[in-house]
Amino acid sequence: MKILHITPELAPWSKAGGLGDAAAALAKALGSLGHEVRAVTPLYGSVPGRESMSVLLNSLRVGVGGPPEKAACRVMSLHVAKNFEAWFIEHEDYYGAKEIYPARPDSAERAAFYARAALDACLATGWIPDVIHCHDWTAGLVPPLLNTVLKDSPLGGAASVISIHNLQHQGVSHRGIMDFLGLPGWLWQPSELECLGGVNFLKGGILHAKRVITVSPTYALEILTPQFGHGLEDVVRRRESALEGILNGVDLDEWNPRTDRLIPAHYSPRSMKGKEECRLALAREFGLRDDPGAPPIFGVISRLWDQKGLDLAAAALPAFLREGRLRFVLLGSGDSALEGAFRALAAGFPTLCGVRIGYDHGLSHRIEAGSDFFLMPSRFEPCGLNQMYSMTYGTPPIVRATGGLADTVRPWSPGSKDATGIVFEHADLQGVEWAISRALELHADPKAYRQVQLNGMRAEFSWARSAQAHVEAYRKAGAAL
Ligand code: ADP
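Once that is clear, we can look at the overall build of the chain. Across its full length, the chain holds 18 helices and 18 strands. Taking 2.2 N^0.38 as the reference for a compact globule, 481 residues should give roughly 23 Å; the C-alpha atoms of the chain span a radius of gyration of 23 Å, in line with that estimate. Residue burial in the chain is summarised as follows: out of 481 residues, 60% are buried. At a minimum sequence separation of 6, the contacts of the chain that also span at least 24 residues come to 73%. As displayed, the chain has an accessible area near 18,100 Å², and 52% of this comes from carbon and sulfur atoms.

Structure follows, in structure tokens:
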């Protein structure tokens, strides 16, 4: 199959969260299954390694409105892995800045432009995909384009699929975006793209794609309900028969304690000594207690938004820190009040708590490897990658039973044999306190703790399995044409 991915993030060139990792790893895994894969993404100002890219199209005229000089771009190409090429859309005005999602008045045009450019690049090169896989809202207007404006073009025969990595971000813009893309006026109605007086990109994708994929089976059920549907539950319900959940995986070339070049020592289920070195190094990096009797380290790497439930962690932790029962390290950024709360926590408990506000890829690996537990008290979590990374690194995750967290972590209780982490039900202070206490109880029993660590390290989160499930979904999408 020829498979085109249209994605706003592609790791390692651009990544704001799990989408960047997932899109790149899926494309790679599909390539190694023998499919011919292209992933199209913007060339942001922050993308490294331009010198190794080659020019695919020097000046591509993109089918959008607005001033003609703004409607052209250059397309760069890079061979990434077997059967997998990345195409980068270069457009100084739209993507020259470093940020992936800057708050700008033209963010709808930025999204629409690269997605339409992806389609025009296929038409211009004659590389016509069988499947067009759109990721999240920025690519959401591609399926409506394929069903209308491009219906009679060579791309009209491609099967469109949309992945919802997070239903919260929908991309609601002004009506003018339809003229910008040349979409027909009849799509402007509440049963189509219109939503609360604007055009909803993700709604368009959900309604028009042949298949709708979410990144875990539990999230696929959750988004049918008002609690998780973010106002689109009725729209999702209309597509229930085309909806399915497929878990993301772990890219073992990137996240593997046996080979990871970003951690101070390697280890595996057979020899865990390296993990102790990683823990010691992490404690020292954050200036924490590192004596043999020091309590376990609880780690967090996260965007600091309401979704992630870390306000609950910030409220629960002081009592444990006051009693010296745990050490805590956090890497993240986002909500300034939450950033401030964690900074204050570190200032209050300098030998037990360390906080880095910002984005740091290397440190994220060192936290996965050096922590004893990984805390993820999310209110909702479409899939979540960090809990799978942490299991791979022998760091049992503490998660709330929602979305992909519920699908990937097997809960520990005294005496259980196959557990891989701590799972709690309620997104409230008592829930998080209970879960942390439970983790400490597990840690106090070294044999049980080791068992949970090893179960997690041996769990199977392969991208090959996920890619295979995507291929099945692509076949169904093709059959739906
Ligand atoms: P989400 O996509 O909702 O942010 P995921 O758990 O699916 O959550 O993926 C988050 C990814 O982003 C992980 O690979 C995580 O390590 C990474 N990440 C998040 N915040 C940071 C940060 N501040 N520094 C480095 N990596 C981060």
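Back to the text.
Okay, the domain arrangement of the chain next. Examined at the domain level, the chain breaks down into domain 1 (2-249 + 464-479) and domain 2 (273-460). Between the C-alpha centres of domain 1 and domain 2 there is a distance of 33 Å. Across the contact, 18 residues belong to domain 1 and 17 residues belong to domain 2. There are zero salt bridges connecting domain 1 and domain 2. Connecting domain 1 to domain 2 are seven residue pairs in polar contact (both at pLDDT 80 or more). Going through the elements one at a time, α1 (18-32) and α7 (217-222) are the ones with two or more residues in the side of domain 1 that touches domain 2. No other element matches α7, which puts four residues into the side of domain 1 that touches domain 2. Split by residue class, the side of domain 1 that touches domain 2 holds six nonpolar, nine polar and three charged.

As a further point, take the pairing of strand β7 (residues 159-164). Taken across its six residues, β7 has six buried, putting it largely inside the fold. On β7, burial covers both faces: Ala159, Val161 and Ser163 on one face and Ser160, Ile162 and Ile164 on the other are all buried. Taken together, the five bridges between strand β6 (residues 131-135) and β7 define a ladder with parallel strand orientation. Within β7, the residue paired with Ile132 across the bridge is Ser160. Remark: the β6/helix α4 (residues 142-147)/β7 crossover connection has right-handed handedness. By the bridge criterion, four bridges tie β7 to strand β11 (residues 211-214) in an arrangement that is parallel. Opposite Val161, over in β11, you have Arg211 as the bridge partner.

For any two helices packed against each other, one specifies the crossing angle of their axes together with the interaxial distance. Following both chains from N to C, one finds helix α11 (residues 310-322) and helix α12 (residues 336-348) inclined at 15 degrees, their axes separated by 10 Å at the closest point. The orientation of α11 with respect to α12, classified from their angle, is roughly parallel. Classified by chirality, the crossing of α12 by α11 is left-handed. The residues of α12 that touch α11, namely those facing Leu310, Asp311, Ala314, Leu317, Pro318 and Leu321, are Leu338, Ala341, Phe342 and Leu345. Across the contact of α11 with α12, the residue classes break down as nine nonpolar, no polar and one charged.

The end-to-end C-alpha distance of helix α16 (residues 429-443), which contains 15 residues, comes to 21 Å, matching closely the 21 Å that a straight helix rising 1.5 Å per residue would cover. Turning to α16, its buried residues are Gly431, Val432, Ala435, Ile436, Arg438, Ala439, Leu440 and Leu442. Buried residues along α16 sit against β13 (297-304), α11, β16 (373-376), β17 (397-400), β18 (422-424) and α17 (446-458).

Its 13 residues place the ends of helix α10 (residues 273-285) 19 Å apart at the C-alpha level, agreeing with the 18 Å of an ideal helix rising 1.5 Å per residue. When we look at burial in α10, the residues that qualify are Gly274, Lys275, Cys278, Leu282 and Ala283. The inward-facing, buried residues of α10 abut β13, β14 (327-334), α13 (361-370) and α17.

Calculation criteria
Residues numbered from 1 in each chain as written. Predicted model: local features only at pLDDT ≥ 70, side-chain atom pairs only at ≥ 80, totals over all residues. Heavy atoms only, no water. Helix = DSSP H or I, 4+ residues; strand = E, 2+ residues; numbered from the N terminus. Rg over C-alpha atoms; globule rule 2.2 N^0.38 Å. Buried < 20%, exposed > 50% of the residue type's maximum accessible area, 1.4 Å probe, protein only. Contact = heavy atoms within 4.5 Å. Areas by Shrake-Rupley, 256 points an atom, 1.4 Å probe, with all protein chains shown as cover. Domains from an automatic or database assignment. Salt bridge = Lys/Arg side-chain N within 4 Å of Asp/Glu carboxyl O. Polar contact = N/O pair within 3.5 Å; in protein donor to acceptor, adjacent residues only side chain to side chain. Nonpolar A, V, L, I, M, F, W, Y, C, P; charged D, E, K, R; others polar. Pairing = 2+ DSSP bridges. Right-handed = clockwise from strand over helix to strand, strands pointing away. Axes fitted to C-alpha atoms, helices over the stretch in contact; angles between N-to-C directions. Parallel < 35°, antiparallel > 145°, perpendicular 65-115°, else oblique. Left-handed = near helix turned anticlockwise from the far one by under 90°. Expected span 1.5 Å × (residues − 1).

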